[in-house]
Amino acid sequence: SNRADQFRRFMFIFQHLMTTVTDQIDDIPDLTDPLAADPDFLPWIASWVAFPLDEDLPLHRQRELVRRSISLYRARGTVVGITEMIRVLTGADVRIVERRRPQNATMGAMRLAGGRSASERYRNGEPAASYVVEPTRANTTFFVVTLEDHQSFRERFGERAETEIRRIIQIVSNERPAHVTFTIEFEDAVS
């Protein structure tokens, strides 16, 4: 009986080790799943597809970005790709209109913009500036990124609104084709 008890305890060690190994094997899929992986593994998973990961983003956005990295790469530079990248990285409601020139300056409808940047104009509560379009530019060299109305944007982002505008501009600048110009406007500024 004593020998049987010793043998049972001896076998328990192997059972415990085997269970631990089996549990670790069962957890392997979670190691590579961006939605379940330890946050420290996310940059490593992103590196598999050479996708740069901004670790300043909230964790849920990092996970979504890594999860969708391949489809975002495939759509890079397209309307769908830019739209999705903005949505994943900021959560902003955005619509892109291709081949639409910014509105030409027209008498009676112009207002001077004093801000040096889009985010500064936003902070000052200025309307979108009127753009003078070079007549030699083709229609296909422009697109407009339309965000929700000012009030909804302010409610969604609060004090981070100006930072999010800068982030959107950076995303679009990085993702757009180099020869394409874009403007940003709010839904309530669209005529």
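Conventions and cut-offs
Residues numbered from 1 in each chain as written. Predicted model: local features only at pLDDT ≥ 70, side-chain atom pairs only at ≥ 80, totals over all residues. Heavy atoms only, no water. Axes fitted to C-alpha atoms, helices over the stretch in contact; angles between N-to-C directions. Helix = DSSP H or I, 4+ residues; strand = E, 2+ residues; numbered from the N terminus. Left-handed = near helix turned anticlockwise from the far one by under 90°. Contact = heavy atoms within 4.5 Å. Nonpolar A, V, L, I, M, F, W, Y, C, P; charged D, E, K, R; others polar. pLDDT = per-residue confidence, 0-100. Patch = residues over 30% accessible without salt bridge, like charges linked within 9 Å, V, L, I, M, F, W, Y side chains within 5 Å. Areas by Shrake-Rupley, 256 points an atom, 1.4 Å probe, with all protein chains shown as cover. Salt bridge = Lys/Arg side-chain N within 4 Å of Asp/Glu carboxyl O. Lys, Arg positive; Asp, Glu negative; His and termini not counted. Charge placed at Lys NZ, Arg CZ, Asp CG, Glu CD. Expected span 1.5 Å × (residues − 1). Buried < 20%, exposed > 50% of the residue type's maximum accessible area, 1.4 Å probe, protein only. Pairing = 2+ DSSP bridges.

> Residue-level account of the packing of helix α6 (residues 79-90) against helix α9 (residues 161-175), with values.
Their axes nearest at 10 Å, the elements α6 and α9 cross at an angle of 145°. Like other packed secondary-structure pairs, α6 and α9 cross with a definite hand, here right-handed. Packed against α6, whose contacting residues are I82, M85, I86, L89 and T90, the element α9 presents E164, R167, I168, I171, V172 and E175 at the interface. Split into classes, the residues belonging to the contact of α6 with α9 amount to seven nonpolar, one polar and three charged.

> Summarise the confidence of the model for the chain; cite the residues concerned and give the values.
Averaged over all residues, the pLDDT of the chain equals 77, while 77% of them reach at least 70. Within the chain, the lowest mean pLDDT, 67, falls on helix α2 (residues 28-32), and the highest, 90, falls on helix α8 (residues 150-157). Here residues 129-136 scores under 50 on pLDDT; set against residues more than four positions off or in separate chains, the count is 19 contacts.

> Mind laying out a negative patch on the surface, listing which residues take part and the relevant values?
On the surface, D38, D40, D54, E55 and D56 cluster together into a negatively charged patch. Here E55 shows up in the loop between α3 (42-48) and α4 (59-67).

> Give a description of the pattern of salt bridges that names residues and reports values.
Counted according to the given criterion, the structure contains 12 salt bridges. The partner of D5 in a salt bridge is R9, and the shortest N-O contact between them spans 4.0 Å. With a gap of four residues between them, D5 and R9 both fall in helix α1 (residues 2-26), about one helical turn apart. Close ionic contact of E64 with R68 constitutes a salt bridge, the shortest N to O distance being 3.7 Å. In this structure, a network of salt bridges that share partners links the residues E64, R67, R68, E84 and R87.

> Explain α6 to me, using residue names and the numbers behind them.
Here α6 contains 12 residues, and its C-alpha end-to-end distance of 16 Å stays within 8% of the 16 Å for a straight helix at 1.5 Å per residue. Counting buried positions along α6 yields nine of 12 residues, so the element is predominantly enclosed. Residues of α6 that are buried include every one of G81, I82, T83, E84, M85, I86, V88, L89 and T90, and no others. Packed against the buried residues of α6 are α4, α5 (69-74), β1 (94-98), β2 (142-147), α8 and α9. Two residues or fewer past α6, G91 is found with a positive phi of approximately 80°.

> So what's going on with the sheet that holds β1? Which residues, and what values?
The three strands are arranged β1-β2-β3 in an open sheet whose pairing can be described as mixed. At either margin of the open sheet sits one strand with a lone partner, and together these are β1 and β3 (181-186). Averaged over all adjacent pairs, the angle separating strand axes in this sheet is 20°, with direction ignored. The pairing of β2 with β3 spans six bridges and is parallel. Residue pairing for β3: F143 is matched across the bridge by F182. The strands touched by α6 are β1 and β2; relative to β1, the strand with the most contacts, the crossing angle is about 160°.

> Tell me about the environment of S152, and name the residues and values.
Position of S152 among the secondary structure elements: in helix α8. S152 gets classed as partly exposed once you look at its relative accessible area, which sits at 25%. In sequence terms S152 and D93 are 59 residues apart; their C-alpha atoms lie 9.5 Å from each other.

> Talk me through the environment of E164; I want residue IDs and the actual numbers.
Looking at the element boundaries, E164 is found in helix α9. For the pair E164 and L89, spaced 75 residues apart in sequence, the C-alpha to C-alpha distance is 9.5 Å. Contact partners of E164, with chain neighbours within four places excluded, come to T90, F153 and F157.

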